[in-house]
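# Structure at a glance
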Amino acid sequence: MQVIFGVIFHFIGGFASGSFYIPYKRVKGWAWESFWIVGGLFSWLIVPPLAAWLTIPNFTEIIAGTAGHILIWTYIFGLLWGIGGLTYGLGVRYLGVSLGSTIILGLCAVFGSLIPSVYYNFFPEKGKDTITMLATNHWGQMVLLGISICVIGIVICGKAGTMKEKELAAGKADVEDNKDYRFGLGIFVAIVSGVLSACFNFGIEAGKTMADSTNEIWKAAHQGQGNFLFQNNVTYVIILWGGLTTNFIWCMVLNARNKTFGDYTAKAKPLLKNYLFCVLAGTTWFLQFFFYGMGESRLGNGASSWILHMAFIILVANSWGLLLKEWKGVSKKAIFTVVAGIVTIILSVIIVGYGNSIK
């Protein structure tokens, strides 16, 4: 049952992440940097401490009692992840919700799930899965097999993207529904985003002391009830301060360069609706990690938790891409290819889940 609940929580988190960009598409008359930072203020500054306060009343004391070097490393990984999050938005803009999310999050899944295991192989910690453990145990081999199949699914979806680009160039696909589509630039941004986005998982690992302290306090007051579902909420506060820093600086630079500071107050634009859609997008974005933390508390923060979370996001984002007609006018062969990629990723999720269940 713990595994089942863990998978369900990861699916809810994946749905939130795969869906958060949809409200941004309803923002009218604002530059990308304007709606991105307004939503981001809720994603990274307002909602995380509110969630921590609602679930961990003494979270500020836990942060204050944490060693300085732990806070610094957690924040630094947040800074690096912030660059990945920033380029995520650009990747989705240039590649579309389905393809952009697939490539970015696929790379993020692979790096985020494997690198911590490699690290713990050299610097062992109790309760942490090492790459050696994964390679020499049946359950770990199943997890690695699932990750490998996930990579194959990503490659297949990438192939579908190149097919779509060629058909756009040849005028066979609907250009209006794909007016921002730029595969070359998009794939470069997606690779940068995918690699750096994995730093969020590293930030969780770096700040694990805060989550462990939260968990021990809760378990002392709730004997025999397992691990605390919301233990990671305190760690998110520090990680997301780092994410806010990089995103805020870059968006202000773009506002100045593009002369778009007026977006925030322009009466000729639907300000109320724009702000509401940004709030909805930003809050929905944070919910992905709110539920990731719940899933992680049931499955454990190994390769399986991260790959499940990322794979669910990929599946949801691709579903939205099809519903939003991002593949409108594209050949049946291209659509079949992207669907084949989605099915492959589903298979990888099942295999990873199985590996975790027999651990």
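Described below are features of the structure shown in this document.

### Overview of the overall build of the protein chain
Looking only at helices and strands, one finds 14 helices and zero strands in the protein chain. Seen in sequence order, the protein chain has helices and strands lined up from the N terminus as α-α-α-α-α-α-α-α-α-α-α-α-α-α. For the protein chain, the share of sequence-separated contacts (at least 6 apart) that also reach a separation of at least 24 residues comes to 81%. If you sum the accessible surface of the protein chain, you get close to 15,500 Å²; carbon and sulfur atoms cover 70% of it.

### What about the side chain of Thr 55?
Note that Thr 55 resides in helix α2 (residues 32–55). For Thr 55, a relative accessible area of 18% translates into the label buried. Within the structure, Thr 55 has its side chain in polar contact with the side chain of Asn 233 (distance 3.0 Å). Among residues more than four places away in sequence, those in contact with Thr 55 are Phe 228, Phe 230, Asn 233 and Phe 290.

### Let's talk about unusual backbone geometry
Of note in the backbone geometry, Lys 259 takes a positive phi value of approximately 55° without being a glycine. Within the element layout of this structure, Lys 259 appears in the loop between α11 (233–258) and α12 (271–299). With relative accessibility at 73%, the residue Lys 259 sits in the exposed group.

### Concerning α11
A turn of α-helix holds 3.6 residues, and therefore any two residues three or four places apart point the same way. Along its 26 residues, α11 runs 36 Å from first to last C-alpha, staying within 8% of the 38 Å computed at 1.5 Å per residue. At the C-terminal side of α11, Lys 259 shows a positive phi close to 55°.

### Describing the nonpolar core
In terms of nonpolar packing, the biggest core is built from 66 residues, with Phe 35 and Trp 36 touching the most fellow members. Here this core takes nine residues from α12, the largest share from any one element. Every residue in contact with Trp 36, bar those within four places of it in the chain, is listed here: Phe 20, Tyr 21, Tyr 24, Trp 44, Gly 85, Leu 86, Gly 89, Asn 247 and Cys 251.

### Re the environment of Ala 67
Along the chain, Ala 67 falls in the loop between α3 (59–64) and α4 (68–95). On the accessibility criterion, Ala 67 (33% relative accessible area) is partly exposed. Linking Ala 67 and Thr 209, residues 142 residues apart in sequence, is a C-alpha distance of 9.1 Å.

### A closer look at the side chain of Asp 263
Within the secondary structure, Asp 263 sits in the loop between α11 and α12. Residue Asp 263 is classed as buried on the basis of its relative accessible area, which comes to 5%. There is a polar contact of 2.9 Å between the side chain of Asp 263 and the backbone nitrogen of Ala 31.

### With respect to a nonpolar patch on the surface
On the surface, Ile 4, Phe 5, Ile 8, Phe 11, Ile 12 and Phe 15 cluster together to form a nonpolar patch covering roughly 530 Å² of accessible area. You can see Phe 5 is positioned in helix α1 (residues 2–19).

### Let's talk about the pattern of salt bridges
One pass over the structure, following the stated rule, counts one salt bridge. A salt bridge links Asp 263 to Lys 269; the nearest nitrogen and oxygen atoms lie 2.7 Å apart.

### With respect to the environment of Gly 262
One can find Gly 262 in the loop between α11 and α12. The partly exposed category is assigned to Gly 262, whose relative accessible area is 41%. For the pair formed by Gly 262 and Trp 30, sequence separation is 232 residues and the distance between their alpha carbons is 9.1 Å.

Thresholds, definitions, all that
Residues numbered from 1 in each chain as written. Predicted model: local features only at pLDDT ≥ 70, side-chain atom pairs only at ≥ 80, totals over all residues. Heavy atoms only, no water. Helix = DSSP H or I, 4+ residues; strand = E, 2+ residues; numbered from the N terminus. Contact = heavy atoms within 4.5 Å. Areas by Shrake-Rupley, 256 points an atom, 1.4 Å probe, with all protein chains shown as cover. Buried < 20%, exposed > 50% of the residue type's maximum accessible area, 1.4 Å probe, protein only. Polar contact = N/O pair within 3.5 Å; in protein donor to acceptor, adjacent residues only side chain to side chain. Expected span 1.5 Å × (residues − 1). Core = buried A, V, L, I, M, F, W, Y, C linked by side-chain atoms within 4.5 Å. Patch = residues over 30% accessible without salt bridge, like charges linked within 9 Å, V, L, I, M, F, W, Y side chains within 5 Å. Salt bridge = Lys/Arg side-chain N within 4 Å of Asp/Glu carboxyl O.

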